[in-house]
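Read off the chains here:
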Amino acid sequence: MNAPGRPVAAFDADAIRAQFPILSRQVNGQPLAYLDSAASAQKPEAVIEAVADVWRSSYANVHRGLHTLANEATEAFEGARAKTARFLGAARPEQIVLTRGATEAINLVASALGQSINEGDEIILSQMEHHSNIVPWHFLRERRGAVIRWAPVTDDGSLDIEAYEALFTDRTKIVAVTHMSNVLGTVTPAKRLTEIAHARGVPILLDGSQAAVHGHVNVDEIGCDFYVCTGHKLYGPNACGALYAAGDWLDRLPPFMGGGEMIAEVSEDGVVYADAPHKFEAGTPAIADVIGMGAALDWLTAQDRAVIEAHEKALLNRATAGLMEIEGARVIGTTQGKGAILSFVIDGAHPHDLAQIMDKYGVAVRAGHHCAHPLMKRFGVTATVRASFAAYSNAADVDAFLSALRKARAFLI
Ligand SMILES: *Cc1c(COP(=O)(O)O)cnc(C)c1O
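What counts as what
- Residues numbered from 1 in each chain as written.
- Predicted model: local features only at pLDDT ≥ 70, side-chain atom pairs only at ≥ 80, totals over all residues.
- Heavy atoms only, no water.
- Helix = DSSP H or I, 4+ residues; strand = E, 2+ residues; numbered from the N terminus.
- Rg over C-alpha atoms; globule rule 2.2 N^0.38 Å.
- Buried < 20%, exposed > 50% of the residue type's maximum accessible area, 1.4 Å probe, protein only.
- Contact = heavy atoms within 4.5 Å.
- Axes fitted to C-alpha atoms, helices over the stretch in contact; angles between N-to-C directions.
- Parallel < 35°, antiparallel > 145°, perpendicular 65-115°, else oblique.
- Left-handed = near helix turned anticlockwise from the far one by under 90°.
- Domains from an automatic or database assignment.
- Buried area = accessible area lost by both parts, 1.4 Å probe.
- Salt bridge = Lys/Arg side-chain N within 4 Å of Asp/Glu carboxyl O.
- Polar contact = N/O pair within 3.5 Å; in protein donor to acceptor, adjacent residues only side chain to side chain.
- pLDDT = per-residue confidence, 0-100.
- Pairing = 2+ DSSP bridges.
- Near = heavy atom within 4 Å.
- Areas by Shrake-Rupley, 256 points an atom, 1.4 Å probe, with all protein chains shown as cover.
- Nonpolar A, V, L, I, M, F, W, Y, C, P; charged D, E, K, R; others polar.
- Core = buried A, V, L, I, M, F, W, Y, C linked by side-chain atoms within 4.5 Å.

A. How the structure looks around the overall build of the chain. Each helix and strand in the chain was counted, giving 15 helices and 17 strands. For the chain, whose C-alpha radius of gyration is 22 Å, the value lies close to the compact-globule estimate of 22 Å for 413 residues. The dimensions of the chain, computed from C-alpha atoms along their principal axes, are 70 × 55 × 35 Å. Scored against the burial criterion, the 413 residues of the chain give a buried share of 56%. Relative to all contacts within the chain whose residues are 6 or more apart in sequence, the contacts with residues 24 or more apart total 70%.

B. Geometry of the packing of helix 12 (residues 305-324) against helix 15 (residues 395-412). At a minimum axis separation of 10 Å, helix 12 and helix 15 run at an interaxial angle of 20°. By the angle between their directions, the pair helix 12 and helix 15 is classed as roughly parallel. Of the two elements, helix 12 crosses helix 15, and the hand of that crossing is right-handed. Taken together, the residues of helix 15 that come into contact with helix 12 (itself represented by Leu 315, Arg 318, Ala 319, Gly 322 and Leu 323) are Ala 395, Val 398, Asp 399, Phe 401, Leu 402 and Leu 405.

C. Region of the structure containing the domain arrangement of the chain. Each domain of the chain was delimited in the assignment, giving domain 1 (13-42 + 304-412) and domain 2 (49-301). Taken over C-alpha atoms, the centre of domain 1 sits 28 Å from the centre of domain 2. Summing the contributions of domain 1 and of domain 2, the shared interface buries around 2,700 Å²; its carbon and sulfur component is 53%. When the area that domain 1 buries against domain 2 is broken down by residue, the three leading residues are Arg 305, Leu 375 and Arg 378, summing to 25%. Counting across the domain 1 and domain 2 interface gives 1 salt bridge. With a closest N to O distance of 2.6 Å, Arg 378 and Asp 155 form a salt bridge. Linking domain 1 with domain 2 are 24 residue pairs in polar contact (both at pLDDT 80 or more), by the criterion used here.

D. Looking closely at the confidence of the model for the chain. Predicted confidence across the chain gives a mean pLDDT of 95, with 98% of residues reaching 70 or more. Low pLDDT (under 50) marks residues 1-9, which in the prediction has 18 contacts with non-local residues, meaning those over four places away or in another chain.

E. Quick look at the sheet that holds strand 4 (residues 96-99). Pairing in this open sheet of 7 strands is mixed, and the strands run 4-10-9-8-7-5-6 from one edge to the other. Of all strands in the sheet, those with a lone pairing partner are strand 4 and strand 6 (147-151), marking the two edges. Pairs of neighbouring strands in the sheet enclose a mean axial angle of 20°, with direction left out of account. Where strand 7 (residues 172-178) meets strand 8 (residues 204-207), 4 bridges bridge the pair, whose relative direction is parallel. Note that in strand 8 the partner of Val 177 across the bridge is Leu 206. Docked against the sheet, helix 3 (residues 68-88) engages strand 4, strand 9 (226-230) and strand 10 (241-245), running at close to 120° with respect to strand 4.

F. Representation of the site of the ligand. Around the ligand, a shell composed of Gly 101, Ala 102, Thr 103, His 130, Ser 132, Asn 182, Asp 207, Ser 209, Gln 210, Thr 230, His 232 and Lys 233 is seen. Between the ligand and the protein, one listed contact pairs an oxygen atom with a backbone N or O atom of Ala 102 at 3.2 Å. One of the side-chain N or O atoms of Asp 207 is found 2.6 Å from a nitrogen atom in the ligand. Contact with the protein chains hides 88% of the accessible area of the ligand, taken as 380 Å² for the molecule alone. Here the residues of the shell around the ligand sort into 1 nonpolar, 9 polar and 2 charged.

G. Main features of the pattern of salt bridges. For the structure shown, the criterion picks out 18 salt bridges. As a salt-bridge pair, Arg 386 and Asp 36 come within 3.6 Å of each other at their nearest N and O atoms. One end of the pair, Arg 386, is in strand 17 (residues 384-388); the other, Asp 36, is in the loop between strand 3 (33-34) and helix 2 (45-57), and 350 residues separate them in sequence. On the basis of relative accessibility, which here comes to 2%, the residue Arg 386 falls in the buried class. Asp 36 gets classed as buried once you look at its relative accessible area, which sits at 8%. One salt bridge in this structure joins Arg 141 and Glu 142, with 3.9 Å as the shortest N-O distance. Residue Glu 142 is classed as exposed on the basis of its relative accessible area of 56%.

H. How the structure looks around the nonpolar core. If you look at the biggest cluster of nonpolar residues, it comprises 77 residues, and the most contacted ones within it are Tyr 164, Tyr 227 and Tyr 235. A total of 8 residues in this core trace back to one element, the largest contributor, which is helix 11 (residues 287-302). Here this core spans two domains, since at least three of its residues come from each of domain 1 (13-42 + 304-412) and domain 2 (49-301).

I. Here's a closer look at the packing of helix 13 (residues 351-360) against helix 15. Taken N-terminus to C-terminus, the directions of helix 13 and helix 15 make an angle of 120°; their axes are 9 Å apart at the nearest point. As the angle between them shows, helix 13 and helix 15 are arranged oblique. When you trace helix 13 past helix 15, the crossing you get is right-handed. Across the interface between the two elements, Asp 353, Leu 354, Ile 357 and Met 358 of helix 13 pack against Phe 401, Ala 404, Leu 405, Ala 408, Arg 409, Phe 411 and Leu 412 of helix 15.

Below you can see the structure in the form of structure tokens.
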């Protein structure tokens, strides 16, 4: 086994796997086959240790302190911001707001931009968005009279680019689309979507909750205005994540939440805000978790990410091929170049029942609407089963999945 955080020379699935202690446990008397990484990834020893180390040896509140522990905590916390900037390809750490996840990051942008949204202004979303990238915009529909326009998804699960392009009008104020669907695995052409929006003078937010995990992201190269990601899907702790904003967006946007940490000065009749990004970081943040996210990004960037991506896709192909041999199986999302997420339905068997029975065999898959009601409607289903793969997944997981699925189907039909 490699030391935590050290790169593995050539890709060695077992060596990666050995760094994730939870994967060696049993579930219902069976070896665990964890295929729910798109909902949340497991954590390597390097991350667990980094978080524990904060609690054990350098914990204090950040930013305000004049004592050594506070300074150490602040340095590590700000270090995580710098790591996040580097991970996303942002030029400066000040372009990164540390949030409680992708959800908060999107709410921040919607709320801040929302103050200049008026009745009849338009917001473009896609049909494959996660509820996190729908509901904050519905707030603007309800509260400010904004109109949401939906970029359609084709039968294979791609974004219909021509239809997307046709949605722009002189009322379009913002585009918010995913960079990778958490249901279909579809990777959207982020740069092209950005160019189309910018050609019409419209800013664009990309939801990178999944994309940042499975491929190399460079926000500078994409050229987007906003990019969000979330720590717990990146092999880091939960309740931490990041918003990247290009150029001077963070200086121009009004603050989101009010409280400590985000001010320069408060008096009885006024408030002077701190400079960005702190202006957007009210209250005590998830200090140890953010530092743990930094450790997760270190861990991930120390791996050969192209090799991991190829490994995940090989597992996806193995699972898809096996699934196609099962009678009545239908894959939702079959687009070329999709990421390692496999959503499907089986004729005559409810996804929830399948997942519950598979759990008896130690196989963890998700069943449900995956926080994507509009997408479920688009494909005429109410739920799917979803198996999702990560760096630590292996062929034995796929085989356990296929075997459990066959048994579950046989039981139900
Ligand atoms: C998980 C996910 C989110 C929400 O992330 P949180 O960590 O719950 O804030 C948003 N969008 C997509 C595509 C996701 O997969």
